[in-house]
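Remarks on the overall topology
Each chain, written out:
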Amino acid sequence: MRDVAIVSYSQTPYVRSERVRNEVEMLMPVIDAVVEQSGIARREIGFTCSGSTDYLAGQSFSFVMAVDAVGAWPPIKESHVEMDGAWALYEAWVKIQCGEVDSALAFSFGRSSMGETAETLALQTDPYTVAPLCPDTISMAALQARVGLDKGLFSERDMAEVAARCRRAAKDNPEAQLKGDFDVDKLLAEPYLVSPLRKHDCPPISDGAAAIVIAAGDLAKQVSKKPVWIRGIDHRLDSHQLGSRDLSLSPSTELAGKKAGVAQGPIDFAELHAPFSHQELILRRALGLADDVLVNPSGGPLAANPIMSAGLARIGEASRRIAAGKGQRAVAHATSGPCLQQNLVCVLEG
Amino acid sequence: MAEHAAVVGIGQTKYDAKRLDVSQPGLVREAAIRALEDAGLEWKDIDAVVIGKAPDMFEGVMMPELFLAEALGGVGKPMLRVHTAGSVGGSTAIVAASLVQAGIHERVLTVSYEKQSESNAMWALSIKMPFAVAMVAGAGGFFAPLIRGYMQRSGAPEDTGIRVALKDRQNALKNQYAHLQMPDISFDMIANSPMLWDPIRYLETCPSSDGACAMVIADAKHTKASGRPAAWIHATNMKTEPTLFAGRDQVMPQAGLDCSAELYKKAGIQNPRAEIDCAEIYVPFSWFEPMWMENLHFAPINEGWKMTYEGATAIDGDMPVNMSGGVLSSNAIGASGMIRFAEAAMQVRGQAGEHQIEGAKKALGHAYGGGSQYFSMWIVGDQPL
């Protein structure tokens, strides 16, 4: 395998509703910034890959216009995944591993504010037997939390503590959306939104975009003073049938973590794509993180949950923290599908 | 660094207007099982799955790979979902190939599909967006002016498109999987069919199909050990150009010209028309055959129509194109690009049956999408490069 490093990362400030700019306008400053910071000329970037979904824009081929934000003239080598940007990064990493290119841009974008996202995501379930019941994301996550609570793996207080900690950490992140100091006892006094989830256990609705540039060994060292190396990256998935798996576990995260080599060294911190508070607790266990490992110092998805970018943002936020010298080895994680169905794990080192 | 990779198994479903006998999982599984059987492999032998399809609104399932994972043996494995507009079937195969070429996996299953009967593609393509003109034209309405542009520039005889359609519909009779089987097809029948989007007649247009196509791509070690015929991947390439750009030539897109020129260079091909034995290219409307002949450097600019006219692209011509009947005969949109790539591989594996080109050693698979701004291509050969 070739050594590949993250050389730059950029994201929008995440907001409840981006009312003024469309997707292309939202992306342009992010892509301009990430390319400029990479130290690689735009024309020299070998490959571009984006991640998005038509179901946020409410329009077929919604990614096609996004190419206009990249500056694809003369024509570029480009691809798109209908997945979170973390998988766009994976495809870009594969392209570099082929030896075909030495650098790549991956980006993702989405405006959850355009529709009823929690209900739209119900369309990810089996269209014949499940989707007609319209199980919204929060209800499915509530089923998952219930299983964990009933098994005694965590308590509602543990969940509230995750939410309070993430939003406190987000105070240091200028791009985070939901931040502040929350008292756990007061949170627990709030009514249920969908039992056993309270409002604080759920992510905010966020609009935003993120972009990352990666480069192979020598080029990364040449353009960046602080390249952040991708030491392992792997992704796996579980069955879509919620009834056929133990929702309190995440075997696909565990397997991806093993393949990515999480346990091959100490972990200083983790950025986990856990949109719901209890999912952080499930992921911690699946990745075998020690109790003292700092999780989501950026605030994580509970502070800003730009669908389709929230996974790439975990990798980007982790790389920024390592580049800033606040850690040497970190794990970043991205998820897709109901109840953590598909998971990507990436090990980063300074 | 790059490992050799080859297609060792191919599976297609029967393409049809409505495959009411199978669900979406049933459809993709049908193609996948045939590809595994062709490769002599089982589900457990597959390291990763790469799936592609056109817009999710064509079936009304958001990111359907999540619910199709189980039907494709994907649980516990890496699974990627590619979407690059109409070129997606080709791009999906290229991503699958790159997983093997990079040495990350040894055997990868790749599948593309569309089940158009479960929704309405015309609706899905015609959603009115704020501050945008509602097209309600579908793909035909979009591409008709580009064809007009080509006719004006090249001075091609007006019946060129009819001749392409006649050839492809006759070729489809040799392909058991083709959707449209019209044994009584004739020049007059096409010429007299209704004009849908001038100059595109009804019988010069692709159908709406349900269907799936799958391939198993393996590394050199497994390919050689299998003892089966292989289609060695000599080169792959993808290119994209922007949608809104005044300098764009939508009739003869630069992305396509660049994509094929780079592809031939990678594959060590100097004279494509002489060195490539046959091609499966993405022709959803008849006139795109002559246009792409030029875009693929098989003919000089404005002279692609001569290849059609002189019979060069016929199954017994010197540069056979769309021996399978092409997109004009089967259009399961998301799969259409992969079908081109798979049919190219079938030719060099010598398994194309009645539409086999005798002794084909090198073949081109081509797909395009969007408003002619996405291109994906590969060259496969009966021997490693």
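Residues numbered from 1 in each chain as written. Chains lettered and ligands numbered in written order. Predicted model: local features only at pLDDT ≥ 70, side-chain atom pairs only at ≥ 80, totals over all residues. Heavy atoms only, no water.

Glancing now at the overall build of chain A. Check the secondary structure of chain A and you find twelve helices and twelve strands. Computed over its C-alpha atoms, the radius of gyration of chain A comes to 19 Å, within 12% of the 20 Å expected for a compact globule of 350 residues. Reported as C-alpha extents along the three principal axes, the dimensions of chain A are approximately 55 × 45 × 40 Å. Buried positions account for 65% of the 350 residues belonging to chain A. In chain A, the proportion of contacts linking residues at least 24 apart, taken out of those at least 6 apart, comes to 79%. Taken as a whole, chain A presents about 12300 Å² of accessible surface, with 51% of it coming from carbon and sulfur. (Helix = DSSP H or I, 4+ residues; strand = E, 2+ residues; numbered from the N terminus. Rg over C-alpha atoms; globule rule 2.2 N^0.38 Å. Buried < 20%, exposed > 50% of the residue type's maximum accessible area, 1.4 Å probe, protein only. Contact = heavy atoms within 4.5 Å. Areas by Shrake-Rupley, 256 points an atom, 1.4 Å probe, with all protein chains shown as cover.)

Before going further, it helps to examine the interface of chain B and chain A. Facing the 63 residues of chain B at the interface are 57 residues of chain A. When chain B packs against chain A, close to 5100 Å² is buried across both sides, 64% of that on carbon and sulfur atoms. Of all residues in chain B, the largest losses of buried area upon contact with chain A belong to M62(B), L66(B) and F67(B), amounting jointly to 15% of the total for that side. On the surface where chain B and chain A come into contact, there are two salt bridges. For E100(A), the salt bridge identified is with K266(B), shortest N-O distance 3.3 Å. At the boundary of chain B with chain A, the tally comes to 20 residue pairs in polar contact (both at pLDDT 80 or more). Mapped onto the side of chain B that touches chain A, the elements with two or more residues apiece are α1 (24-39), α2 (65-68), β3 (79-82), α3 (88-101), β8 (231-240) and α9 (254-266) of chain B. Here the side of chain B that touches chain A is built from residues that sort into 32 nonpolar, 19 polar and twelve charged. (Buried area = accessible area lost by both parts, 1.4 Å probe. Salt bridge = Lys/Arg side-chain N within 4 Å of Asp/Glu carboxyl O. Polar contact = N/O pair within 3.5 Å; in protein donor to acceptor, adjacent residues only side chain to side chain. Nonpolar A, V, L, I, M, F, W, Y, C, P; charged D, E, K, R; others polar.)

Cis peptide bonds are those with omega within 30 degrees of zero, and the linkage from W73(A) to P74(A) qualifies with -5°. By the element assignment, P74(A) lies in the loop between α3 (62-66) and β3 (78-81). If you check the backbone angles, N322(B) has positive phi at about 55° while not being a glycine. Counting through the fold element by element, N322(B) comes out in the loop between α12 (304-309) and α13 (326-329). A positive phi angle, near 60°, is found at S372(B), a position not held by glycine.

Our next topic: the side chain of H83(B). Structurally, H83(B) can be placed in the loop between β3 and α3. Polar contacts involving the side chain of H83(B) include one to the main-chain amide nitrogen of A85(B), which spans 3.3 Å. Once residues within four sequence positions are removed from consideration, H83(B) is found in contact with D54(A), F61(A), F63(A), H80(A), V81(A), E82(A), K53(B), A54(B), P55(B) and V88(B).

Our focus in this paragraph is the domain arrangement of chain A. Residue and element names in this part refer to chain A. Domain boundaries in chain A define domain 1 (4-113 + 205-228) and domain 2 (117-204 + 230-349). In this complex, domain 1 contributes 42 residues to the contact, which on the side of domain 2 involves 38 residues. Regarding the contact of domain 1 and domain 2, the summed buried area is about 3100 Å², with carbon and sulfur atoms giving 65% of it. Looking only at domain 1, the three residues that lose the most surface to domain 2 are Y14, W87 and V228, adding up to 23% of its buried area. (Domains from an automatic or database assignment.)

Here we come to the pattern of salt bridges. Enumeration over the complete set of coordinates arrives at 43 salt bridges over all chains. Of the charged contacts, one joins R320(A) and E175(A) as a salt bridge, the two residues approaching to 2.9 Å between their closest N and O atoms. Linking R320(A) in helix α12 (residues 310-323) with E175(A) in the loop between α7 (156-169) and α8 (184-188), this pair joins segments that are 145 residues apart in sequence. Assessed through its relative accessible area of 31%, R320(A) is described here as partly exposed. Between E262(B) and K239(B) there is a salt bridge, with its nearest N and O atoms 3.0 Å apart. Note that E262(B) is positioned in helix α9 and K239(B) in strand β8, a separation of 23 residues in sequence. Residues joined by salt bridges that share partners form a network here, namely K77(A), K95(A), E100(A), K239(B), E262(B) and K266(B).

All names here are of chain A. Relative to each other, helix α4 (residues 85-97) and α12 sit at 65°, their axes nearing to 5 Å. Only G311, L312 and I315 of α12 make contact with α4, whose side of the interface consists of G85, A86 and L89. Taken together, the residues that form the contact of α4 with α12 break down as four nonpolar, two polar and no charged. (Axes fitted to C-alpha atoms, helices over the stretch in contact; angles between N-to-C directions.)

Attention now goes to α12(A). Residues and elements named next belong to chain A. For α12, which comprises 14 residues, the first-to-last C-alpha distance of 20 Å matches the rise-based estimate of 20 Å (1.5 Å per residue) to within 8%. Across the 14 residues that make up α12, a large majority, eleven, are buried. Turning to α12, its buried residues number three or more, namely A310, G311, L312, A313, R314, I315, G316, E317, A318, S319 and I322. Phi turns positive one or two residues past the end of α12, at G325, with a value near 80°. (Expected span 1.5 Å × (residues − 1).)

Moving on, we get to the packing of helix α6 (residues 137-150) of chain A against helix α11 (residues 277-287) of chain A. All names here are of chain A. For the pair α6 and α11, the least separation of the axes is 9 Å and the interaxial angle reads 50°. With respect to each other, α6 and α11 are oriented oblique. Both α6 and α11 take part in a crossing whose hand is left-handed. Residues A141, Q144 and A145 of α6 lie in contact with α11, whose contacting residues are H278, Q279 and I282. Within the contact of α6 with α11, the residues separate by chemical class into three nonpolar, three polar and no charged. (Parallel < 35°, antiparallel > 145°, perpendicular 65-115°, else oblique. Left-handed = near helix turned anticlockwise from the far one by under 90°.)

Note that Y15(B) resides in the loop between β1 (5-12) and α1. In this structure, Y15(B) is in contact with Y177(B), A178(B), H179(B), S209(B), D210(B), G211(B), A212(B), C213(B), S330(B), A332(B) and I339(B), ignoring residues within four places of it in sequence.

Residues and elements named next belong to chain A. Alternating residues of β3 divide into E78 and H80 and S79 and V81, and every residue in both groups is buried. One ladder, built from four bridges, connects strand β2 (residues 47-51) with β3; its direction is parallel. Within β3, the residue paired with G51 across the bridge is V81. (Pairing = 2+ DSSP bridges.)

Attention now moves to the nonpolar core. Counting residues in each nonpolar core, the largest one holds 84 residues, and the members touching the most others are I214(A), I315(A) and W378(B). For I315(A), the residues in contact, after removing those within four places along its chain, are I6(A), A86(A), L89(A), I212(A), A332(A), L344(A), C346(A) and L348(A). Within the second largest apolar cluster, 57 residues are counted, among which are L56(A), I276(B), M319(B) and M377(B). (Core = buried A, V, L, I, M, F, W, Y, C linked by side-chain atoms within 4.5 Å.)

All names here are of chain B. Buried residues dominate β8, accounting for ten of its ten residues. For β1 and β8, the ladder comprises two bridges, and the chain directions are antiparallel. In the sheet register, A6 faces β8, and the bridge partner there is W232. Relative to strand β11 (residues 374-381), β8 runs antiparallel, the two sharing eight bridges. From the neighbouring strand, W232 faces β11, where its bridge partner is G381.

On to helix α6 (residues 160-172) of chain B, then. Residue and element names in this part refer to chain B. Helix length check: α6 (13 residues) gives 19 Å between terminal C-alpha atoms against 18 Å at 1.5 Å per residue, within 8%. Burial within α6 is extensive, with eleven of its 13 residues counted as buried. Of all the residues in α6, the buried ones are T160, G161, I162, V164, A165, L166, K167, D168, R169, N171 and A172. Looking at the buried side of α6, the elements it contacts are α7 (187-191), β6 (200-201), α11 (288-295), α12 and α13.

Two numbers describe a pair of aromatic rings. These are the distance of the centres and the angle of the planes. All names here are of chain B. Overall, the coordinates contain 21 aromatic pairs over all chains when judged by the stated rule. Where F142 meets F143, the ring centres are 5.3 Å apart and the plane angle is 80°; that geometry is what we call edge-to-face. When its relative accessible area of 6% is taken as the criterion, F143 is described as buried. Relative to Y368, the ring of W292 lies with its centre 4.7 Å away and its plane at 70°, an arrangement referred to as edge-to-face. With W292 in helix α11 and Y368 in strand β10 (residues 362-369), this pair connects stretches of sequence that are 76 residues apart. An identical accessibility class is assigned to W292 and Y368; each is buried. Within the aromatic cluster, the residues linked to one another by ring pairs are F142, F143, W197, Y282, F285, F288, W292, Y368 and F375. Over the ring of Y113 we find K53; its NZ or CZ atom is 5.7 Å from the centre of that ring. Note that R163 overlies the ring of Y309, its terminal NZ or CZ placed 4.0 Å from the centroid. (Phe/Tyr/Trp six-rings, centres within 6.5 Å; stacked < 30°, edge-to-face > 60°. Lys NZ or Arg CZ within 6 Å of the ring centre and 35° of its normal.)

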